[in-house]
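# Per-entry structural report
Listed below, chain by chain, are the residues.
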Amino acid sequence: MSWYDPSAPPLAISHRGDHRHHVENTLPAIEAAMLGGADMVEIDVQLAADGAVVVHHDATFSRLWDDPRPVAAVDTAAVRSLGADDRRVPLLVEALELSRSTGVPLVIDQKTPEVAAAAALLVQGIGMSEQTGFCGELGGLWQVRHTTPGARIFYNALGLAPPDVRVLGLLRPELYNPEHSTLAPILVDALHGLGIGVSCWTPNARHDIERLLGMGLDAIMSDDLPLLRSVVDGTDWRAARDTARGPAQTRTADDAAPATGSLVEA
């Protein structure tokens, strides 16, 4: 089932897990978000020196672990020595097993083609491709698509330039996923017309989340999961937008499907 479903409520995605109460991207943060109502959890990955895929955002361990070494210079054993007990850097496979056990999908944010390929192969190898999404750098997303033709992709974007229709056709994302302040209703409508859902990162204020859901967004990544969950659940956003637009402008998944096919074939 596609994550872009105009008949379903918008998806509440926890950004780096519950890092209000736990260290971001650690297993406790991920699990707390999964058990706290997240429809998905976004995590970040890097490559360790020995090729292991670890769950960590920065290129070094300085910010969270007070260790200036680059992730790429540290092997798995040394990564394991950082922190203690629940406060440690997990391997991607551990986060994936947590996703499998809870039934809550991960969205993997990759920074380079190398880590993207390694993560995609790992996800495919343990049979989690259908339950796992990928976002992040475009070069890495191309690698994910090449490595796993059936991969589920959130197409990240920066800046105000609209997405290139050729990239959309070749990359075949389920959702377009820019920074939230760059979105406008006309762009959301255009992407829906192509059969592509719209996500964004990372609004953390109620008025921003309400504004975005009012545009018809299909998913939002936020650092404040309880707020996001309450706003998503507090209103039937699909019905409210359809009422505002009027019956003649309301689209369905069936309406959008031909546009997707013609785009990809082109």
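Below or above, wherever it landed, is the structure these notes cover. Fair warning: this is a prediction, and the values are worked out from it, not measured in the lab.

## A short note on the packing of aromatic side chains
Taken as a whole and assessed by the stated rule, the structure comprises two aromatic pairs. Centre to centre, the rings of Trp3 and Phe154 are 6.0 Å apart; their planes meet at 45°, and the pair counts as tilted. Placement of the pair is Trp3 in the segment before strand S1 (11–15) and Phe154 in strand S8 (residues 152–157), with a sequence separation of 151 residues. Each member of the pair, Trp3 as well as Phe154, is classed as buried. Its guanidinium or amino end placed over the ring of Trp3, Arg152 lies 3.8 Å from that ring's centre, counting from NZ or CZ.

## A few points about helix H11 (residues 237–245)
Listed in full, the buried residues belonging to H11 are Trp237, Arg238, Arg241 and Arg245. Relative to the axis of H11, the buried residues are bounded by an arc of 100° and lie together on one face. The secondary structure elements touched by the buried residues of H11 are helix H8 (185–193), helix H9 (206–215) and helix H10 (225–234).

## A closer look at H10
What H10 keeps buried is the set Leu225, Leu227, Leu228, Arg229, Val231 and Val232. Summarising the contacts, the buried residues of H10 are in contact with S1, helix H1 (27–35), H9, strand S11 (219–222) and H11. Sitting at the head of H10, Asp224 places a side-chain oxygen 3.1 Å from the backbone nitrogen of Leu227.

## Let's talk about the layout of surface pockets
Space inside the largest pocket adds up to approximately 430 Å³. Lining of the largest pocket is provided by 24 residues; of these, Gly136, Asn156, Ala157, Leu158 and Trp201 occupy positions nearest its centre. When contributions to the lining of the largest pocket are tallied by element, the ones reaching two or more residues are strand S2 (40–47), strand S6 (106–110), strand S7 (132–136), S8 and strand S9 (175–178). Of the residues forming the lining of the largest pocket, the biggest block, three residues, is contributed by S8. Its residues placed into classes, the lining of the largest pocket shows eleven nonpolar, seven polar and six charged.

## Remarks on the pattern of salt bridges
Going through the model one piece at a time under the given rule, you end up with 20 salt bridges. In this structure, the salt-bridge partner of Asp189 is Arg241, at a minimum N-O distance of 2.5 Å. Highlighted residues: Asp189 in helix H8 and Arg241 in helix H11, separated in sequence by 52 residues. Residue Asp189 is classed as partly exposed on the basis of its relative accessible area of 28%. Here Arg241 falls in the buried class, since its relative accessible area comes to 13%. Across the pair Asp233 and Arg229 runs a salt bridge whose closest N-O atoms are separated by 3.0 Å. Of this pair, Asp233 and Arg229 are both found in helix H10, four residues apart, which corresponds to roughly one turn of the helix. Exposure remark for Arg229: the relative accessible area of 16% places this residue in the buried category.

## What about the packing of H9 against H10?
Packing of H9 against H10 leaves a shortest axis separation of 10 Å and a crossing angle of 40°. As far as their axial angle goes, H10 and H9 are oblique. Between H9 and H10 lies a crossing whose hand is right-handed. In contact with Arg206, Ile209, Glu210 and Leu213 of H9, H10 contributes Leu227, Leu228, Ser230, Val231 and Val232. Here the residues of the contact of H9 with H10 sort into six nonpolar, one polar and two charged.

Parameters at a glance
Residues numbered from 1 in each chain as written. Predicted model: local features only at pLDDT ≥ 70, side-chain atom pairs only at ≥ 80, totals over all residues. Heavy atoms only, no water. Phe/Tyr/Trp six-rings, centres within 6.5 Å; stacked < 30°, edge-to-face > 60°. Helix = DSSP H or I, 4+ residues; strand = E, 2+ residues; numbered from the N terminus. Buried < 20%, exposed > 50% of the residue type's maximum accessible area, 1.4 Å probe, protein only. Lys NZ or Arg CZ within 6 Å of the ring centre and 35° of its normal. Arc of directions from axis to C-beta. Contact = heavy atoms within 4.5 Å. Polar contact = N/O pair within 3.5 Å; in protein donor to acceptor, adjacent residues only side chain to side chain. 1 Å grid on protein atoms, 1.4 Å probe; cavity = no way out; pocket = protein on both sides within 12 Å on 5 of 7 lines; lining within 4 Å. Points joined across faces, edges and corners; volume = space filled by probe spheres on them. Nonpolar A, V, L, I, M, F, W, Y, C, P; charged D, E, K, R; others polar. Salt bridge = Lys/Arg side-chain N within 4 Å of Asp/Glu carboxyl O. Axes fitted to C-alpha atoms, helices over the stretch in contact; angles between N-to-C directions. Parallel < 35°, antiparallel > 145°, perpendicular 65-115°, else oblique. Left-handed = near helix turned anticlockwise from the far one by under 90°.

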